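# Summary of the model geometry
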Amino acid sequence: MNSNKKNKLIDTFFYGWGFFSTLIGLILLGLFIGYILSIGLGRINLDFFTSLPSRFPHKAGIYTALMGTLWILFLTTLFAFPLGVAAAIYLEEYLKKGWFANILEINISNLAGVPSIIYGLLGLQIFSRVMGLGGNLLAGSFTLSLLILPIIIVSTREAIKAVPQSIKDASYAMGASKWQTIWYQVLPASFGGIMTGVILAMSRAVGEAAPLIVVGALAYISFVPTSPMDEFSVLPIQIFNWISRPQPGFVITAAAGIIILLLITFLMNFIAIYLRNKYQNKYN
Amino acid sequence: MDNQIETDLLTDSEERIKNKIKTDDLNVFYGNFQALKNINLKIKPNTVMAFIGPSGCGKSTLLRTFNRMNDYIEDFRIEGKILIDNKDIYDKSTNIELLRKQVGMVFQKPNPFPKSIYENVVYGLKIQGINDKHFLEERAVKSLQQVVLWDEVKDSLKKNAYALSGGQQQRLCIARTLAVEPSVILMDEPTSALDPISTSKIEDLIFELKEKYTIVIVTHNMQQAARISDHTAFFYLGEVIESGKTEQIFTSPKNMRTENYISGHFG
């Protein structure tokens, strides 16, 4: 009876503690978003999207940074998606289990946790200097590809692993070869999971400033990139730029930029969640 | 010379008529564990062979050697021979994909692909590179009719196969196997996950199918083995203890262990 009472008390305590912790997170996030909205929302209009950066806070816009972000997003996905998915297929379906596979698995998971600025330094040396790309879009998107490759590989492996063995068995028993089984069964069945991981990785890339600054994207850019060899800026760097300005007017411009960046990442996360919900429980 | 070839052909075809599947001193190992010991079995064409025995006795292992599904298991090793149509299927020259088109398999749990009913049935043909829509549809209809599923699904061929009931799914899996026109069908406890009505439908089906195909079925259900099979092999600890005509095995088993097993004393 006594221990029963005690258990109930502990139960109540843990419920309260969990609720309180969740609330702290929500309140802080709410305050932050509310604060940013209150400062920057009034600054957002059509001109904000179509204006070039300017010395005058009320004239400055995100046009070049937004285009730079879209370019970076496109190129990074172009490089990282096929590489990441192919590597995951190899690791999951072809590589024999053993010490080598274990070492690879541990290291890929570790790579996903390496601070992004380290990738920036790597990109600076290899892509900007050795390959001579400087601070152009190609160097930036190569660097971000390295950054999100481990994330794509890990999430794609999880998605592939979730395809039941019984479906692969059925395919093999029908006379399908290994690549046919992967192409016609494993990939379509894990499509939702793969896309979810890829989009989350992309939204990570969109928010990164540090590695791109290291590669050299901090330069003042007054034009929109027209080819992968052009220099560029992206939204997080543009925001960083504005915040470092002494004029108080740029705080408002920066807040408006943050709102747009938040909208983009929210939208991508929303798509990822939608895909996950749509494709989950497929085998039940 | 010509004569020699002729007699070779003759003995070859005679052998085919006698035995669809034949194992010669077959031993199977998983690492150090010997799963099958000295198996010498003959399965005649257009008959139903039932493998019975307690769990872990090797009957599924043997079934899965007939279409080389064990190849994916690490440490799997085989000694002796398995002849299907008088050809050694573990010979280096064997094309495994081709073998599996010849030897179809139905699994314990219905495992349709997460695709439409139609796509399920034509999958085996499509991976062979057949794209003729007319041909595919014809084969799909024929296969679904063979498993008596056509009337139930003819208006919903585009629906996902997961929307079907368990029994319908299993019949779909059989139709999928039939569509590539194999000559042998392996069934690994095909009704163990199904209700009695679905089970009896599948049993009726097996009875029909043996006119065209050779069927090997693993079952834990003694009545099922007695009802549908022509021959029965009783497995125990990796050995075939007794095999013969089903009637004889069930009415006058020669071995004590067989008798104990089929009368429900163990297993």
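Quick note: structure is the one above.
The residue numbers shown here count from 1 along each chain, following its written sequence. To label them, take the chains in the order written and letter them from A, then take the ligands in the order written and number them from 1. A pLDDT threshold of at least 70 governs which residues receive local features in this predicted model, and a stricter bar of 80 or more applies before side-chain atom pairs are shown or counted, although totals over entire chains, interfaces and linings include all residues.

## What about the overall build of chain B?
The condition is simple: We count a stretch as a helix when DSSP gives it H or I for four or more residues in a row; a strand needs E for two or more, and each element gets its number in order from the N terminus. Atoms counted for the radius of gyration: C-alpha only. Globule rule: 2.2 Å times the number of residues to the power 0.38. Three classes are used. A residue is buried when 20 or more other C-beta atoms lie within 10 Å of its own, exposed when 12 or fewer do, and partly exposed in between, with C-beta atoms placed from the backbone. Each residue gets a C-beta atom placed from its backbone, and two residues are in contact if those atoms lie within 7 Å.
A tally of regular secondary structure across chain B gives 11 helices and 11 strands. What you see for chain B is a C-alpha radius of gyration of 19 Å, in line with the 18 Å of a compact globule of 267 residues. For chain B, the C-alpha atoms occupy an extent of roughly 60 × 50 × 35 Å along the three principal directions. Within chain B, the fraction of its 267 residues that count as buried is 42%. Contacts in chain B between residues at least 24 apart in sequence constitute 68% of all its contacts with a sequence separation of at least 6.

## Focus: unusual backbone geometry
Residue and element names in this part refer to chain B. Its identity as a non-glycine residue notwithstanding, D25 has a phi of 45°, on the positive side. The class for D25 is exposed, based on 11 C-beta atoms found within 10 Å. Unusually for a residue other than glycine, V148 sits at a positive phi of about 55°. Given 15 C-beta atoms within a 10 Å radius, V148 is considered partly exposed.

## Regarding the environment of I239 of chain A
With respect to the secondary-structure elements, I239 of chain A resides in helix α10 (residues 235-243). On a C-alpha basis, the gap between I239 of chain A and A256 of chain A in space is 9.0 Å, while along the polypeptide they are 17 residues apart.

## Concerning the pairing of strand β10 (residues 231-236) of chain B
Along any regular strand the residues' side chains alternate between the sheet's two faces. Residues and elements named next belong to chain B. As a reminder of what qualifies: Paired strands, in this sense, are two strands between which DSSP finds at least two bridges.
Of all the 6 residues making up β10, 6 are buried; the element is thus mostly covered by neighbouring parts of the structure. Taking every second residue as pointing to the same face, both faces of β10 are buried, with H231, A233 and F235 on one and T232, F234 and Y236 on the other. Across 4 bridges, strand β4 (residues 48-52) lies against β10 in parallel orientation. Each bridged residue has a counterpart across the sheet, and for F51 the counterpart in β10 is A233. The sheet contact formed by β10 and strand β11 (residues 239-245) spans 6 bridges and is antiparallel. Across the sheet, the residue bridging to Y236 is E239, located in β11. In this structure, the hairpin formed by β10 and β11 is closed by a connection of 2 residues, where L237 is found at a positive phi of approximately 50°.

## Some words on the sheet that holds β10 of chain B
All names here are of chain B. Cut-off, in case you're wondering: Whenever a helix is involved, its axis is fitted only over the stretch in contact; in every case the axis is a line through C-alpha atoms, and angles between N-to-C directions fall within 0 to 180 degrees.
Spatial strand order, β7-β8-β9-β4-β10-β11: 6 strands in an open sheet with mixed pairing. Of all the strands in the sheet, just β7 (103-106) and β11 have a single pairing partner and so form its edges. When strand polarity is set aside, the average angle formed by the axes of neighbouring strands in this sheet is 15°. In terms of strand pairing, β4 meets strand β9 (residues 214-218) through 4 bridges, oriented parallel. Looking across to β9, one finds that F51 is bridged to V218.

## Brief notes about the environment of L187 of chain A
Looking at where L187 of chain A falls in the secondary structure, it is placed in helix α8 (residues 178-207). With 17 C-beta atoms packed within 10 Å, L187 of chain A lands in the partly exposed category.

## Regarding the nonpolar core
Applicable threshold: What makes a nonpolar core is a set of buried Ala, Val, Leu, Ile, Met, Phe, Trp, Tyr and Cys residues, with links drawn between C-beta atoms within 7 Å.
Counting residues in each nonpolar core, the largest one holds 72 residues, and the members touching the most others are F51, F66, A175, V184, L186, I215 and V216 of chain B. Excluding residues that lie within four positions of it along the chain, V216 of chain B makes contacts with I43, M49, F51, L63, F66, V184 and L186 of chain B. L146, V186, M195 and I213 of chain A belong to the second-largest nonpolar core, a separate cluster that totals 63 residues.

## Here we look at the interface of chain A and chain B
Selection rule: Three classes are used, and their members are as follows: Ala, Val, Leu, Ile, Met, Phe, Trp, Tyr, Cys and Pro are nonpolar, Asp, Glu, Lys and Arg are charged, and the others, Gly among them, are polar.
With 16 residues of chain A at the contact, the number on the chain B side is 16 residues. If you list the elements that add at least two residues to the side of chain A that touches chain B, you get α7 (165-173) and α8 of chain A. Considering only residue class, the side of chain A that touches chain B consists of 9 nonpolar, 5 polar and 2 charged.

## Focus on the packing of helix α4 (residues 99-111) of chain A against helix α6 (residues 137-161) of chain A
All names here are of chain A. The condition is simple: In these notes the angle categories are as follows: under 35 degrees is roughly parallel, over 145 is roughly antiparallel, 65 to 115 is roughly perpendicular, and the rest is oblique. In this scheme the crossing of two helices becomes right-handed for a clockwise turn of the near helix relative to the far one and left-handed for an anticlockwise turn of less than a right angle.
The contact between α4 and α6 brings their axes to 8 Å, and the two run at 125°. In terms of axis orientation, α4 runs oblique to α6. The crossing of α4 and α6 is left-handed. On α6, the residues touching I108, S109 and L111 of α4 are P150, I153 and V154.

## Here's the deal with the pairing of strand β1 (residues 21-30) of chain B
Residues and elements named next belong to chain B. Inspection of the sheet shows β1 paired to strand β3 (residues 42-43) by 2 bridges, in the antiparallel sense. Directly across from I21, in β3, lies its bridge partner I43. Strand direction decides the pairing type here: β1 and strand β5 (residues 76-84), joined by 8 bridges, are antiparallel. The partner of K22 across the bridge, within β5, is L83. Taken together, the 4 bridges between β1 and strand β2 (residues 33-39) define a ladder with antiparallel strand orientation. Each bridged residue has a counterpart across the sheet, and for L26 the counterpart in β2 is I39. In textbook terms, the turn of a hairpin is the stretch between consecutive antiparallel strands, and for β1 and β2 this stretch comprises 2 residues, one of which, G31, has a positive phi near 65°.

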